[in-house]
Amino acid sequence: ATVKMILGSIAFAIFWVLAVFPAVPFLPIGRTAGSLLGAMLMVTFRVMSPDQAYAAIDLPILGLLFGTMVVSVYLERADMFKYIGKLLAWKSLGAKDLIFRICLISALSSALFTNDTSCVVLTEFVLKIARQHNLPPHPFLLALASSANIGSSATPIGNPQNLVIAVQSKISFGDFLLGILPAMLVGIFVNTLIIIGMYWKLLSTHKDEEHASSEVVAEEDVTFHRFSPATMSHLSPSNSLESIDACIGSPAIRGHSAHIESLRNRLNSIENEILGFDLSARNSDTSRDTTIDGACQQKEGDLTVRRIETSKGHFSSQVKSLFSGKGIGEKYKQTLWKICVYIVTIGMLVALLVGLDMSWTAITAALALIVLDFKDARPSLEKVSYSLLIFFCGMFITVDGFNKTGIPSKLWDLMEPYSQIDHVSGIAVLALVILVLSNLASNVPTVLLLGGRIAAAAAAISASKEKKAWLILAWVSTVAGNLSLLGSAANLIVCEQARRAPHLGYNLTFWRHLKFGVPSTVIVTAIGLILIRD
C-alpha cells in the first residue's frame, strides 16, 4: 500500500539519519536508541506487526556476536593480543608497514572467524598501536574494517550473507574458497595500496594532527583489550631475577635512608631547641649535652635497625614465596589454562570449518571457556557491548520493515532485464544493483531478496553461470560494505568500539569513511569481478 510505503520510508529515513549522525542536533539520542526508534515506528505505522518485528531479529547473528565477544575476553587474558602486537611490531618498517600488516591479519582472521569477530577483537588494539607510534587512528581503522570485509568474502563462514549463499546454492566449502580466493587476495593488496596512497603524507609525518596532545600509549598497555578485565597478577620464576632486582631497588627500601636522614634532622632540631633555652647552661654543663646527644643517637640507631630488619624480613618472605612450589605451581596452572583457551578456540574454528551452526558453536566455546576459568563470570560478561547487540536488534526490524515496503523489490524488477550474467554490461549492472541495495537495505536482506532471482536468471543460461552468479552475489554484497559506514556491521562495530574506547576514543565519521569507501569499493569490486571463476 502507498501509505505503508511512505510511512515505512519515513521510519527507515529516521533510522538512517540517526545511524549516520548519532549526535544530530534535533535528536541527539545516538545510534542504539535511533535503531530502536526506527523499529518502533515500523510497528507503530503498521508497516509490520509485532510478531513480524520479533521474527525479523536475526538471533543467530546476535548469538555469534555475543559468543565471539566472550571468547575475545579469554583470548586476551591468554595473551593472544600480546602475541599479535609482537607480530605487528616485529621489525616494523614504519606506518605503511603497519597498515599492510593490519590489512593482512584482519583479512585472514575474518576469513576464519568472521569479519564481525575480527573487528570486535582488534579495534581497540589497533587504536592503541596507532597511539603508541603517535600515528593518526583513522587510516588504521579504515584498514581494519575494509580488510575485514574483503577477507570475509573468501569463505562461507566469513560473514552471514556468505553462509546464506552457501546454504541456498549448495556450493561446497572448497569450491566457494577456490572461486573467490584469487579475487580476495588481489583485493586486499589493492585496498592496502589505496589506503597508503590516500594517506601517504599523513602517514609519513608520524604525527597525529587531530590528537597532537594525546598521550603516547605505553608499550605494555598495548596488550590490554577493551572487552577483557585486567590481566591476572601472578609471579613466575621466568621473571624472578627481575622481580628480585626490582624489590631491592624499590622505593620501599630506598626510602628508609631518606626517612632516617629526616629523623636525624628532626632530632637535631629538637636538641637545639632544648639546648637553646640556656646557652650559658650548655657551656657550663657539657656532660649533660653529651648525654642527651648520645640518647638521641641511640634512639635513632634502634629505629633504623628495626626498620631494616622489617624490610629484610619482608624481602626474604617474597623470595621464599617466589622459589617455593606454590609459585611454580601457579605458573604451570596459568600456562595450562592458556593452552586450554587456545585449544577451545581452535576447536571452535574447526567446528565452523566443518559447517556446524555458527552461533551455537561460538556460544558453546564461550561457555566452555567460562567453565574452564572456574571463577565468577560476571566481570567478563560485563565487558560485552550489550548496547551494540540492542542496536542490531533495532536495525534488523527497521531493515525488514523497509523491505516490506516493496521499494527494494521494485528496484530489482526495473533492473533485472539489464542484469544478464552472460554479458559484461549485464555483470556491471548486476553488481551496481547489489551494491546499492546492500547499502540501503543491508547485505543479508539483499542476499535473501535477490539470491533466488539472480540464480534463476543465470541457471537459464548454464549451470556454471548459476554458480558464478552466486559467487558474484557473495563478492559484491560483501565488498559493498566498504562503501559507507552503514554498509556493513563490521564498519559499525569498528566505529562504535573506537568511539567508546577508554582514554583512546576516536569518532570515525560517516564522511571520512565515505571519502575512502567509494574509490576502494569501486576499484576492488571491479577487479574481483574479473577474477571470479565459474
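Structure: see above.
Residues numbered from 1 in each chain as written. Predicted model: local features only at pLDDT ≥ 70, side-chain atom pairs only at ≥ 80, totals over all residues. Heavy atoms only, no water.

A. Fine view of the environment of Leu7. Mapped onto the secondary structure, Leu7 falls in helix α1 (residues 2-20). Residue classification places Leu7 among the partly exposed residues on the basis of a relative accessible area of 24%. Considered as a pair, Leu7 and Thr44 are 37 residues apart in the sequence and their alpha carbons are 9.7 Å apart. Ignoring any residue separated from it by four or fewer positions in sequence, one finds Leu7 in contact with Phe45 and Val47. (Helix = DSSP H or I, 4+ residues; strand = E, 2+ residues; numbered from the N terminus. Buried < 20%, exposed > 50% of the residue type's maximum accessible area, 1.4 Å probe, protein only. Contact = heavy atoms within 4.5 Å.)

B. Inspection of the pattern of salt bridges at higher detail. In total, this model carries 5 salt bridges according to the counting rule given. Asp97 is the partner of Arg101 in a salt bridge, and the nearest nitrogen-oxygen pair spans 3.0 Å. Taken together, the residues Arg101 and Asp97, both in helix α6 (residues 95-113) and 4 residues apart, mark about one turn of the helix. Assigned by exposure class, Arg101 and Asp97 land together as buried. A salt bridge links Glu496 to Arg499; the nearest nitrogen and oxygen atoms lie 3.0 Å apart. Residue Glu496 and its partner Arg499 are both found in helix α24 (residues 489-500); the two are separated by 3 residues, about one turn of the helix. Owing to a relative accessible area of 7%, Glu496 belongs among the buried residues under this scheme. (Salt bridge = Lys/Arg side-chain N within 4 Å of Asp/Glu carboxyl O.)

C. Molecular detail of the packing of aromatic side chains. Summed over the entire model, instances satisfying the criterion amount to 8 aromatic pairs. Residues Phe391 and Phe392 carry aromatic rings whose centres are separated by 5.8 Å and whose planes lie at 75 degrees to one another, so their mutual orientation is edge-to-face. The class for Phe391 is buried, based on a relative accessible area of 3%. Within the aromatic cluster, the residues linked to one another by ring pairs are Phe12, Phe15, Phe391, Phe392, Phe396 and Phe402. Positioned over the ring face of Trp200 is Lys96, at 4.4 Å from the centre of the ring. (Phe/Tyr/Trp six-rings, centres within 6.5 Å; stacked < 30°, edge-to-face > 60°. Lys NZ or Arg CZ within 6 Å of the ring centre and 35° of its normal.)

D. How the structure looks around the environment of Ala95. You can see Ala95 is positioned in helix α6. In this structure the C-alpha to C-alpha distance between Ala95 and Ile196, which are 101 residues apart in sequence, comes to 9.1 Å.

E. The packing of helix α8 (residues 137-152) against helix α25 (residues 510-531), seen in detail. Where α8 meets α25, the closest approach of the two axes is 11 Å, and the angle between their N-to-C directions is 35 degrees. Considering only the axes of α8 and α25, their crossing is right-handed. Residues His138, Leu142, Ser146 and Ile150 of α8 form the contact with α25, whose own contacting residues are Arg512, His513, Phe516 and Val524. The residue makeup of the contact of α8 with α25, split by class, is 4 nonpolar, 3 polar and 1 charged. (Axes fitted to C-alpha atoms, helices over the stretch in contact; angles between N-to-C directions. Left-handed = near helix turned anticlockwise from the far one by under 90°. Nonpolar A, V, L, I, M, F, W, Y, C, P; charged D, E, K, R; others polar.)

F. Spatial organisation of α24. Taking 1.5 Å as the rise per residue, α24 with 12 residues should run 16 Å; its terminal C-alpha atoms sit 16 Å apart, in good agreement. Within α24, 9 of the 12 residues are buried, which leaves it mostly tucked inside the rest of the structure. Inspection of α24 places Ala490, Asn491, Leu492, Ile493, Val494, Cys495, Glu496, Gln497 and Ala498 among the buried residues, and these make up the whole buried set. Those residues of α24 that are buried are in contact with α2 (30-44), α4 (59-77), α7 (115-132), α8, α19 (386-404) and α25. The backbone nitrogen of Ala490 lies 3.1 Å from a side-chain oxygen of the residue at the head of α24, namely Ser488. (Expected span 1.5 Å × (residues − 1). Polar contact = N/O pair within 3.5 Å; in protein donor to acceptor, adjacent residues only side chain to side chain.)

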